[in-house]
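# Descriptive analysis of the structure
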Amino acid sequence: MPFPSSTKVLVVGAGPAGMACALSLWYSGVKDVTVVDAVEQGDHASRAMVIHAATLEALDAVGCADAMVERGIKVSAMNYYDRSDTLLMEVDFNGLIGKTRFPFYLLLPQHITEGILGQKMKEVGIPVFRPYKAVGMRENSKDGRAVDVSFENGQSITAYYVVGADGAQSAVRQLSAVGFADPHAIPDKPEDVNTLAQMVIADVTFSEPPTLPNILFGVVSTESFFIFSPLQYPMKDSKDTHGRTVYRIACGVPPTFGPPPSKLSVEYCQQIVEKYGPHTLSCNKSKNQYAVDVSDVVWSTRFRTRCAVADNFFTYFGSAGSPGASVCLIGDAAHIHPPAGGQGMNLGLRDAVSLGPVIAAALTAGPSPETDEKVRAHLAVRRERAVKVIGMTKIMSGAVGMSPALRERFSWSPIHIYTIRDWVFWLLGKSNWIRQTLAYRFSGLAAP
């Protein structure tokens, strides 16, 4: 299909949020939608792996939820242990029964999520043009309500709506001069950096199946926070897993452990498991009869965590005195935060699906201050929710990965600060109301 010279809606970025937005637009009656992506091929890495109930409800509206449920692992609990395998807290998703068609969270690697969204786009006839890296935006000379978006390959397209779904380094956001900062930062006050400031994620196989719960769970310790989860595989274009189950491990890497390498080796992952994982996974066979070894690293990444939200999720792109084209931001282009509770991709997918009918209604009504205000108001609500989620993930990551500065402030206490933290988790976990309330908040049903 030849690249069009103009479109009603241009979606920049073909990750989960971009594809979900394009499908939402199509199902809402907007057939003139163009999707571009900067890379030649989609990312087959697993990355995000949790899909919550409110997100599945949103994806059900674009015909993708059932396929994801069929491919994923349905889980009804999210547990937190100490390293000695003592259960500190169980987040109980059974309380969602009767509140949603999806009373669980789904474990599904991101590459499978993207594959299902991509297949649905093919079915309805929405192509993705690659590689089209946005490098410039300027007001259209003939229509002040349109913008000309230019690409690195020399081509350009005229659009009335531009949806930035192009990640944390969003070109659309930067070209539109929209700020991107931590909403809770205090000016002139350095933030306490906790032990989750730098993290590693790896999908690994073990020498033999570990004797562990078949759910996602976290392990809190005095130096870090370790996450373990089974995954559905095989991956496309991945190494041969030799029939072994693939598991996700993720871990904060304290500064004392040094910076993580760009590509994680089997030996490095083994060190992470032994130092911060549950004792059940220790390879020291003299101390643990259930010992297993990391046998292969299928995929890995490292990253630094940060919190930021765009100043506005809706803005105009045009000259002074002109309304200009409408620019909308969703997904990581609009908000980023630590991966606590599996909130990031979920929030972005709900941004995306909810935006489709709003833009469709605005296009049907025609350009006016009133229709623009409806789009702006909708995205203002999405921003409020993003700020709340960022606050929640900050509290969670701060609790499980406390900063050295915080530990120092409590050095006077006769009881170790980590012991106090674990007691608090254990006591809170005794309340069925708290366990189910946390699940309801994680699910997104409280504020979809």
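Residues numbered from 1 in each chain as written. Predicted model: local features only at pLDDT ≥ 70, side-chain atom pairs only at ≥ 80, totals over all residues. Heavy atoms only, no water.

### A short note on the pairing of strand E6 (residues 87-92)
- Sheet analysis places strand E5 (residues 77-82) next to E6, joined by five bridges and oriented antiparallel. Residue pairing across strands places Tyr80 opposite Met89, the latter belonging to E6. (Pairing = 2+ DSSP bridges. Helix = DSSP H or I, 4+ residues; strand = E, 2+ residues; numbered from the N terminus.)

### As for the packing of aromatic side chains
- Evaluation of the coordinates by the stated rule reveals 17 aromatic pairs.
- An angle of 85° between the planes, with centres 5.7 Å apart, marks the rings of Phe3 and Phe151 as edge-to-face. Separated by 148 residues along the polypeptide, Phe3 in the segment before strand E1 (6-12) and Phe151 in strand E10 (residues 147-151) bring together distant segments of the chain. Here Phe3 matches Phe151 in class, with each residue buried.
- Centre to centre, the rings of Phe129 and Tyr132 are 6.2 Å apart; their planes meet at 75°, and the pair counts as edge-to-face. For the pair Phe129 and Tyr132, one class covers both residues: buried.
- By way of ring pairs, the aromatic residues Tyr81, Phe206, Phe217, Phe228 and Tyr247 are connected into one cluster.
- The ring of Trp26 is capped by Lys31, whose NZ or CZ atom sits 4.4 Å from the centre of that ring.
- Against the face of Phe180 rests Arg173, its NZ or CZ located 3.7 Å from the ring centre. (Phe/Tyr/Trp six-rings, centres within 6.5 Å; stacked < 30°, edge-to-face > 60°. Buried < 20%, exposed > 50% of the residue type's maximum accessible area, 1.4 Å probe, protein only. Lys NZ or Arg CZ within 6 Å of the ring centre and 35° of its normal.)

### Things to note about the UniProt feature "domain: FAD-binding" (unreviewed entry) in the protein
- Feature annotation in UniProt places "domain: FAD-binding" (unreviewed entry) on residues 7-181 and 326-364, given in this structure's numbering.
- Annotated as residues 326-364, this span is 54% helix and 15% strand, and its ends, taken at the C-alpha atoms, are 15 Å apart. (UniProt positions renumbered as here; feature names shortened; annotations may be inferred.)

### Thoughts on the sheet that holds strand E18 (residues 308-310)
- Taken in spatial order, the three strands make up an open sheet running E12-E18-E21, and their pairing is antiparallel. The open sheet terminates on both sides in strands that have one partner only, identified here as strand E12 (180-181) and strand E21 (335-336).
- Pairing analysis gives two bridges linking E12 to E18, with the strands arranged antiparallel. Residue pairing across strands places Phe180 opposite Ala310, the latter belonging to E18.

### So, the pattern of salt bridges
- The final tally for this structure, using the stated rule, is nine salt bridges.
- One salt bridge in this structure joins Asp60 and Arg101, with 3.0 Å as the shortest N-O distance. Taken together, the residues Asp60 in helix H2 (residues 53-60) and Arg101 in the loop between E6 and strand E7 (105-107) connect sequence positions 41 residues apart.
- Notably, a salt bridge pairs Arg376 with Glu373, separated by 3.7 Å at the nearest N-O pair. Pair noted here: Arg376 and Glu373 are both in helix H8 (residues 369-400), with a separation of three residues, about one helical turn.
- When its relative accessible area of 30% is taken as the criterion, Arg376 is described as partly exposed. (Salt bridge = Lys/Arg side-chain N within 4 Å of Asp/Glu carboxyl O.)

### Considerations on the packing of helix H1 (residues 16-27) against helix H4 (residues 110-124)
- Running from N to C, H1 and H4 cross one another at 30°; their axes reach a closest spacing of 10 Å. Taken together, the axes of H1 and H4 are roughly parallel relative to one another. Classified by chirality, the crossing of H4 by H1 is left-handed. Packed against H1, whose contacting residues are Pro16, Met19, Ala20, Ala22, Leu23, Trp26 and Tyr27, the element H4 presents Gln110, Glu114, Leu117, Gly118, Lys120, Met121 and Val124 at the interface.
- A per-class count over the contact of H1 with H4 returns 10 nonpolar, two polar and two charged. (Axes fitted to C-alpha atoms, helices over the stretch in contact; angles between N-to-C directions. Parallel < 35°, antiparallel > 145°, perpendicular 65-115°, else oblique. Left-handed = near helix turned anticlockwise from the far one by under 90°. Contact = heavy atoms within 4.5 Å. Nonpolar A, V, L, I, M, F, W, Y, C, P; charged D, E, K, R; others polar.)

### A short note on the packing of H1 against helix H7 (residues 344-365)
- At a closest axis distance of 7 Å, the pairing of H1 and H7 adopts a crossing angle of 25°. Viewed along their axes, H1 and H7 adopt a mutual orientation that is roughly parallel. Here H1 runs over H7; the crossing is right-handed. Contacts between H1 and H7 involve Pro16, Ala17, Ala20, Cys21, Ser24 and Leu25 on the former and, on the latter, Met345, Gly348, Leu349, Ala352, Val353, Leu355, Gly356, Pro357 and Ile359.
- Split by residue class, the contact of H1 with H7 holds 12 nonpolar, three polar and no charged.

### With respect to the sheet that holds strand E3 (residues 50-51)
- In space, the three strands of this open sheet follow the order E3-E7-E4, with antiparallel pairing throughout. Each of the sheet's edge strands pairs with one partner strand only, and the pair in question is E3 and strand E4 (73-75).
- In the sheet, E4 pairs with E7 via three bridges, with the strands oriented antiparallel. Pairing of Lys74 across the sheet is with Leu106, part of E7.

### Considerations on unusual backbone geometry
- The omega torsion of the bond from Arg130 to Pro131 falls at -20°, within 30 degrees of zero and hence cis.
- Here Pro131 is to be found in the loop between strand E8 (128-129) and strand E9 (134-139).
- Positioned with a positive phi, Asp85 is a non-glycine residue whose angle comes to about 75°.
- Tracing the backbone shows Asp85 in the loop between E5 and E6.
- With relative accessibility at 35%, the residue Asp85 sits in the partly exposed group.
- You will see that Ala177, though not glycine, has its phi angle at about 60°, which is positive.
- Considering the arrangement of structural elements, one finds Ala177 in the loop between helix H5 (171-175) and E12.

### Re the environment of Val35
- Among the structural elements, Val35 can be located in strand E2 (residues 33-36).
- For Val35 and Val163, which are 128 residues apart along the polypeptide, the C-alpha to C-alpha distance reads 9.5 Å.
- In this view, Val35 contacts Val11, Gly13, Ala14, Ala22, Met121, Ile126, Pro127, Val128 and Phe129; residues no more than four positions away in its chain are not counted.

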